[in-house]
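# Tertiary structure, described
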Amino acid sequence: MRTLSRQVRIFVPATVGAATIVAVVFADVIPWHEWPQAGLYLGLLVVAYSIRVPDPRGGSVNPTSVLSYLATYVFNPGTAVLVFIIGRTIAYIGARGWVPWRALLNGAQIGLSVGVGALVFRLVGGNLERIEWPQTLLAVIVGPLAFQVANNFFAAFAVSRWRSTPFLRTWIDGIRDLFWPNLLSIPTATVLALLYFRIHYAVVLTYLALLPFQWRAIALYIKQRRLYAQIVDGLVVAADVNFPLASGHARRVADLAVAIAREMRLSEAAVESVQFAALLHDIGLIGKDDLLERPVITSEDTEELRDHVRVGAEIARELPRKEIATLIRHHHERYDGTGYPDGLKGEAIPLGSRIIGVAEVAESMASGVSPYSTASPTASIVSHIVAERGRAFDPDVVDAFVRIVERDALAVAAAETLTRPEIPAHTARPQGFQA
């Protein structure tokens, strides 16, 4: 934990301490005679948390949302907090091993989140033992949503501190990404809660029968995302084969664009969009390699080459994420409004396109990719990019690029001093740049 930022080192004990205080304060209202129900729930949490599907973006996904929502319905806030603090901490240790601060933080944040959901459910008037419409229906929806907002709050704060991204944007992106998938878990949780109160609490064991189906649904979701990444990779390979002289160019542009986007503290969702768009930014050039290799390019050739942004956008429009097509279409716009295809100016150009524009020119100069005939040293690249600040390029993007290059130069100097061949991970150097 000593390697974490000061904010994270404060955040972890603060969250664990808050969860402990809440559990102690609510101890007097916890119905201790319900320990069999609580014990059963602890067991279900451990089992459900152990069923994990690796996420290609990092981490993993597990089918515990139904149990979290069910707890907001059947337990009072104090019981919900205590059950999930203990249950998720034990489950985390069983699934990932004993890393004290991670295990305690996981249990504390999920415990507080479920407690918030249970509290909101009751404040709205939720009571599945005595249903009153439409009040109960509203509570059944609002309680889980309150849990989700609280849970995303803790996750977004941790992620934003670790990755230096804006907290609010990360929080909103997390809520948006998980809203509909988690909303679909509410009917299942509601049915189990009704059976819990109408028949017997042991009915929640039927949840175990649902786990294979939930695992299958998560696996299909992850598979779809992997397939999406494979499609993008296949298109990049096709572009490399079509124009071998620029092989690897798109990947290097994507690496630099991602570095700039992170330097500008964009959210992870926005960074991912920039990455995919940068990988596909020249996909519209497939079939036009003969034009690029001509010794003399006419005005008609230039117009045909410029059409690659429109063609590339049309290809990318078939992908699920429509914003990628927009970023591709506008990555050759100029900040002063003299670019193409639409002559957009300044902030009217999508930020992702402005980032890709800088990354593409910098990488093309570094690698000697058309329209540059030879590779340029880093000093010349920086000089050119800075000279076009406010004309071709967004000043903020240029500033972020310069900061990255300056850190890179320091990292290279340090590496040479220590006779280490690699560059520190936090300043990963895009291929093609020269110290």
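Owing to the predicted nature of the structure, the values given are computational and were not obtained by experimental measurement.

With that out of the way, let us pick up the nonpolar core. The tendency in soluble globular proteins is for nonpolar side chains to be buried side by side. Judged by nonpolar contacts, the single largest core of 46 residues is most densely connected at Ile260, Ile355, Ile356, Ile385 and Phe401. Of all hydrophobic cores here, the second largest spans 31 residues; its members include Ala38, Leu44, Leu45 and Ala193.

If you trace the backbone, glutamate 360 turns up in helix H16 (residues 351-367). No salt bridge is formed by the buried glutamate 360; its nearest oppositely charged neighbour, arginine 252, is found at 11 Å. Apart from the residues lying within four places of it in its own chain, the contact partners of glutamate 360 are His249, Val253, His281, Asp282, His331 and His332.

Next up on the list: the packing of aromatic side chains. Inspection of every chain in the model, using the stated rule, returns nine aromatic pairs. Plain terms: the ring middles of tyrosine 73 and phenylalanine 121 are 5.1 Å apart, the flat faces sit at 50 degrees to each other, and that makes the pair tilted. With tyrosine 73 in helix H3 (residues 65-74) and phenylalanine 121 in helix H5 (residues 100-123), the pair connects residues that are 48 residues apart, well separated along the chain. On the accessibility criterion, tyrosine 73 (2% relative accessible area) is buried. Judged by centre distance (5.3 Å) and plane angle (80 degrees), the rings of tyrosine 196 and phenylalanine 197 are edge-to-face. These aromatic residues form a ring-pair network of at least three members: Phe11, Phe153, Phe154, Phe157 and Trp171.

This next bit is on the pattern of salt bridges. Applying the stated criterion to the full structure yields 13 salt bridges. One salt bridge connects glutamate 363 with arginine 252, and the closest N-O pair in it is separated by 2.6 Å. Here glutamate 363 is found in helix H16, whereas its partner arginine 252 is found in helix H10 (residues 249-263), with 111 residues between them in sequence. A relative accessible area of 14% places arginine 252 in the buried class. Its salt-bridge partner being aspartate 342, residue arginine 329 comes within 3.0 Å of it at the nearest N-O pair. Taken as a pair, arginine 329 in helix H15 (residues 323-329) and aspartate 342 in the loop between H15 and H16 lie far apart in primary sequence, 13 residues in all.

The next point concerns the packing of helix H11 (residues 268-279) against H16. Taken N-terminus to C-terminus, the directions of H11 and H16 make an angle of 50 degrees; their axes are 10 Å apart at the nearest point. The angle between the axes of H11 and H16 places the two elements in the oblique class. Regarding H11 and H16, the two cross each other, and that crossing is right-handed. Together, Val274, Ala277 and Ala278 of H11 and Gly352, Ile355 and Ile356 of H16 make up the contact between the two elements. Of the residues that constitute the contact of H11 with H16, the class distribution is five nonpolar, one polar and no charged.

Between H10 and H16, whose axes approach to 8 Å, the crossing angle comes to 130 degrees. The angle between H10 and H16 falls in the class oblique. The handedness of the crossing between H10 and H16 comes out as right-handed. Residues His249, Arg252, Val253, Leu256, Ala257, Ile260 and Ala261 of H10 touch H16, and the partners they reach there are Ile355, Ile356, Val358, Ala359, Glu360, Ala362, Glu363, Ser364 and Ser367.

Cut-offs and rules
- Starting afresh in each chain, residues are numbered from 1 along the sequence in its written order.
- Reporting of local features is limited, given that this is a predicted model, to residues whose pLDDT is at least 70; pairs of side-chain atoms are given and counted only at 80 or more, and all residues count toward the totals for whole chains, interfaces and linings.
- Excluded from the side-chain calculations are hydrogens and water; all other atoms, namely the structure's heavy atoms, are used.
- Throughout, nonpolar core names a set of buried Ala, Val, Leu, Ile, Met, Phe, Trp, Tyr and Cys residues whose side chains join them through atoms within 4.5 Å.
- Under the scheme applied here, a residue whose accessible area is under 20% of the maximum for its type counts as buried, over 50% as exposed, and between as partly exposed, the area being computed with a 1.4 Å probe on protein chains only.
- Under the scheme used here, helices are H or I runs from DSSP no shorter than 4 residues and strands are E runs no shorter than 2 residues, and both carry numbers assigned from the N terminus.
- Charge assignment in this entry is limited to Lys and Arg as positive and Asp and Glu as negative, and neither His nor the chain termini are counted.
- Salt bridges are defined as contacts in which a side-chain nitrogen from Lys or Arg sits within 4 Å of a carboxyl oxygen from Asp or Glu.
- When checking whether two residues touch, look at their non-hydrogen atoms; a contact exists if any pair is within 4.5 Å.
- In this analysis, rings of Phe, Tyr and Trp, with Trp reduced to its six-membered ring, are considered paired at centre separations within 6.5 Å, and the interplanar angle assigns stacked below 30 degrees, edge-to-face beyond 60, and tilted for intermediate values.
- Only C-alpha atoms enter the line fits that serve as axes; for helices the fit covers just the stretch in contact. Angles between N-to-C directions range over 0 to 180 degrees.
- Here the angle decides the label: under 35 degrees means roughly parallel, over 145 means roughly antiparallel, 65 to 115 means roughly perpendicular, and every other value means oblique.
- Two helices cross in a left-handed way if the nearer one is turned anticlockwise from the farther one by less than a right angle. They cross in a right-handed way if the turn is clockwise.
- Residue polarity is assigned by list, with Asp, Glu, Lys and Arg as charged and Ala, Val, Leu, Ile, Met, Phe, Trp, Tyr, Cys and Pro as nonpolar; anything else, Gly included, falls into the polar class.

Just distances and angles here, no functional claims.
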